[in-house]
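Read off the chains here:
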Amino acid sequence: VTTDPTPVAAFLSACRQRVDRALDHCLPADSLHPAMLHAAMRYAILGGGKRIRPALVYAAGQAAGAVDAALDAPACAVELIHGYSLVHDDLPCMDDDDLRRGRPTLHKQYDEATATLAGDALQALAFQVLADARGVLPPQRRLAMIELLAQASGSRGMVGGQTIDLGAVGKQLDIAELEDMHIHKTGALIRAGVLLGAMCKPDTDAAIITALGHYAACIGLAYQIHDDILDVEGDTAQIGKISGADAQRMKPTYPELLGLNGARERARELVNEAHLTLAMFGACADALRQLCDYTILRRR
Ligand code: IPE
Ligand code: IPE
Ligand code: MG
Ligand code: MG
Ligand code: MG
């Protein structure tokens, strides 16, 4: 068998190994009291997931010239928030899904109360990890990063987007409303990953932050459009979650509003725009360029 991984596959695999080690280290041992809660937190986070948000932390750090050792804390923090968001997203009171990353969802493997509490604890742990990054980041920088992640996670970010999503079930949204929902529920954390990586350079140029912020906004929206597409055209084994769930639950999506080709075109436009925003960078942004294409080429 010849394995000839594309550059993005090699980059993602290296990021996955690096962040998985760091996550394993920051998650409490499952022997620690209360053991079931800690086992549930580990189940939710370890053993699956593409780790795209950590990869964006590392890639943006590379582009901005960040201190490499500082990147693990934000990479873990954003993945912990993402993992918690998936646990809650799957609960019966939200999307009511039974399969995640090819395994039973957390509330199926344990129970609803444990899944709710594990999600809560993962969220708290994300901020603890950032606060604890003492040796590698100055206090002011850690505080700014905690603030950024809090904004991206909360009522004006991911949770706000999830609220809009639940309110939209069975309704017809127009394109602007759908974009607003996707930008918040998924785009906010993707943007946070990119900006947190760049903030690991203590004196980041404002122009770099602006360019990376725009890059992130484009791929964040494209990422959720492609998630909607995969829900239609992917199969359950391939995507690791039950396909066709959006239509079954009457969720407004890009393919529903624009058709599959229209949705693909919109995602492609966004990726092209993201590439343009990277024009000011040299080879240091190549990983960001690869991740940009991966957003809409991925098959899961
Ligand atoms: C799924 O995210 C939910 C969205 C916000 C689109 P991912 O597709 O990144 O899921 P994992 O982490 O790889 O499982
Ligand atoms: C998820 O959107 C957004 C989150 C903030 C978790 P979806 O509900 O489409 O994600 P999947 O398809 O269940 O992964
Ligand atoms: Mg959802
Ligand atoms: Mg869902
Ligand atoms: Mg989905």
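Please read all numbers here as calculations on a predicted model, not as lab measurements.

## Section: the coordination of the magnesium ion (ligand 3)
Around the magnesium ion (ligand 3), the donor atoms from the protein are Asp89 (OD) and Asp95 (OD), and they sit 2.2 Å away. Here the magnesium ion (ligand 3) and the magnesium ion (ligand 4) are spaced 3.1 Å apart, with aspartate 89 acting as a shared donor. Comparing aspartate 89 with aspartate 95 shows no difference in burial state: the two are buried.

## Some details on the side chain of aspartate 231
The residue aspartate 231 is located in helix H10 (residues 206-233) in this model. No salt bridge is formed by the buried aspartate 231. Its closest oppositely charged neighbour is arginine 249, at 6.5 Å. What aspartate 231 contacts, discounting residues up to four positions off in sequence, is Ile239, Ile242, Ser243, Gly244, Ala245, Asp246 and Ala247.

## Concerning the site of ligand 2
The environment of ligand 2 is made up of Ser85, Leu86, Asp89, Asp95, Arg100, Met158, Gln162, Lys185, Thr186, Gln224, Asp227 and Lys241. Within the side chain of aspartate 227, a nitrogen or oxygen atom sits 3.1 Å from an oxygen atom of ligand 2. Bound to the protein, ligand 2 loses 92% of the 390 Å² it would expose on its own. Judged by the proximity of its atoms to the pocket grid, ligand 2 belongs to the largest pocket. Breaking the shell around ligand 2 down by element, the ones donating at least two residues are helix H4 (72-90), helix H8 (158-167), helix H9 (175-198) and H10. The dominant element in the shell around ligand 2, judged by the number of residues it contributes, is H4, at 3 residues. In terms of residue class, the shell around ligand 2 is made up of 2 nonpolar, 4 polar and 6 charged.

## Topic: unusual backbone geometry
For the bond from histidine 33 to proline 34, the omega torsion is -5°, close enough to zero to count as cis. Non-glycine residue arginine 101 carries a positive phi angle of around 55°. Relative to the elements of secondary structure, arginine 101 occurs in the loop between strand E1 (99-100) and strand E2 (103-104). Residue methionine 250 is not a glycine yet carries a positive backbone phi of 55°. Structurally, methionine 250 can be placed in the loop between helix H12 (245-248) and helix H13 (254-277).

## Details of the nonpolar core
Within the largest apolar cluster, 94 residues are counted, with the highest numbers of intra-cluster contacts made by Leu56, Leu80, Leu149, Leu212, Tyr215, Leu288 and Leu291. Looking at which element gives the most residues to this core, the answer is H10, with 12 residues. Beyond its immediate sequence surroundings of up to four residues, leucine 212 is in contact with Val194, Leu195, Ala198, Leu278, Phe281 and Leu288.

## A closer look at the side chain of aspartate 90
Topologically, aspartate 90 is positioned in helix H4. Judged by its relative accessible area of 2%, aspartate 90 is buried. Contacts of aspartate 90, omitting those with residues within four sequence positions, involve Asp95, Asp96, Asp97, Arg100, Thr105 and His107.

## Remarks on a negative patch on the surface
Residues Asp96, Asp98, Asp111 and Glu112 make up a contiguous surface patch of negative charge. Following the sequence through the fold, glutamate 112 ends up in helix H6 (residues 112-131).

## Digging into empty space enclosed by the protein
Scanning all chains against the criterion turns up 2 cavities of 30 Å³ or more. Considered as a void within the structure, the largest cavity measures approximately 140 Å³ in volume. Around the largest cavity, the lining is made up of 13 residues, and of these Ala44, Val87, Asp90, Arg100 and Leu106 lie nearest the centre. Only helix H2 (35-45), H4, E2 and helix H5 (106-109) provide two or more residues apiece to the lining of the largest cavity. For the lining of the largest cavity, the element with the highest residue contribution is H4, accounting for 4 residues. Of the residues assigned to the lining of the largest cavity, the class counts are 6 nonpolar, 3 polar and 4 charged. The calculated volume of the second largest cavity comes to roughly 30 Å³. Around the second largest cavity sit Asp227, Leu230, Asp231, Ile239 and Lys241, which together line it. Residue contributions to the lining of the second largest cavity peak at 3 residues, all from H10.

How each quantity is defined
Counting of residues starts from 1 at the beginning of each chain's written sequence and follows it residue by residue. Lettering of chains starts at A and numbering of ligands starts at 1, both following the order in which they are written. Under the rules for a predicted model, residues below a pLDDT of 70 receive no local features and side-chain atom pairs below 80 are neither given nor counted, while totals for whole chains, interfaces and linings still include all residues. The side-chain figures draw on all heavy atoms in the structure; neither hydrogens nor water molecules are used. Only nitrogen, oxygen and sulfur atoms within 2.8 Å of the metal, or 3.2 Å for Na, K and Ca, are treated as donors, and water is left out, so sites may look incomplete. Burial classes follow relative accessibility: with a 1.4 Å probe on protein chains only, a residue under 20% of its type's maximum area counts as buried, one over 50% as exposed, and anything between as partly exposed. Strands here are runs of E lasting at least two residues and helices are runs of H or I lasting at least four, both read from the DSSP assignment and numbered beginning at the N terminus. Charged residues are defined here as Lys and Arg on the positive side and Asp and Glu on the negative side; His and the ends of the chain fall outside this count. Note on definitions: salt bridges are taken to be side-chain nitrogens of Lys or Arg within 4 Å of carboxyl oxygens of Asp or Glu. Contacts are assigned to residue pairs that have any heavy atoms within 4.5 Å of one another. To be near a molecule or strand, a residue needs just one of its heavy atoms within 4 Å of it. Pairing of N or O atoms within 3.5 Å defines a polar contact, subject to two protein rules: one partner must be a possible hydrogen donor and the other a possible acceptor, and residues neighboring in sequence count only if both atoms are side-chain atoms. Note on areas: Shrake-Rupley, 1.4 Å probe, and residue coverage restricted to the protein chains presented here. The definitions used throughout rest on a 1 Å grid laid over the protein atoms alone, on which a cavity is an enclosed set of points accommodating a 1.4 Å probe that cannot get out and a pocket is an open set flanked by protein within 12 Å on both sides along at least five of seven lines; lining residues are those having an atom within 4 Å of a point. Throughout, a molecule is located in a cavity or pocket provided that more than half of its atoms lie within 2 Å of its grid points. As a working rule, the residues Ala, Val, Leu, Ile, Met, Phe, Trp, Tyr, Cys and Pro are called nonpolar, Asp, Glu, Lys and Arg charged, and the rest polar, with Gly in that last group. Definition used in this section: a nonpolar core is a set of buried Ala, Val, Leu, Ile, Met, Phe, Trp, Tyr and Cys residues joined via side-chain atoms within 4.5 Å. What makes a patch is a set of residues exposed beyond 30% relative accessible area and free of salt bridges, joined within 9 Å when like-charged and within 5 Å when nonpolar (Val, Leu, Ile, Met, Phe, Trp, Tyr). Lys charges are placed at NZ, Arg charges at CZ, Asp charges at CG and Glu charges at CD. Grid points are joined across faces, edges and corners, and a volume is the space filled by probe spheres set on the points.

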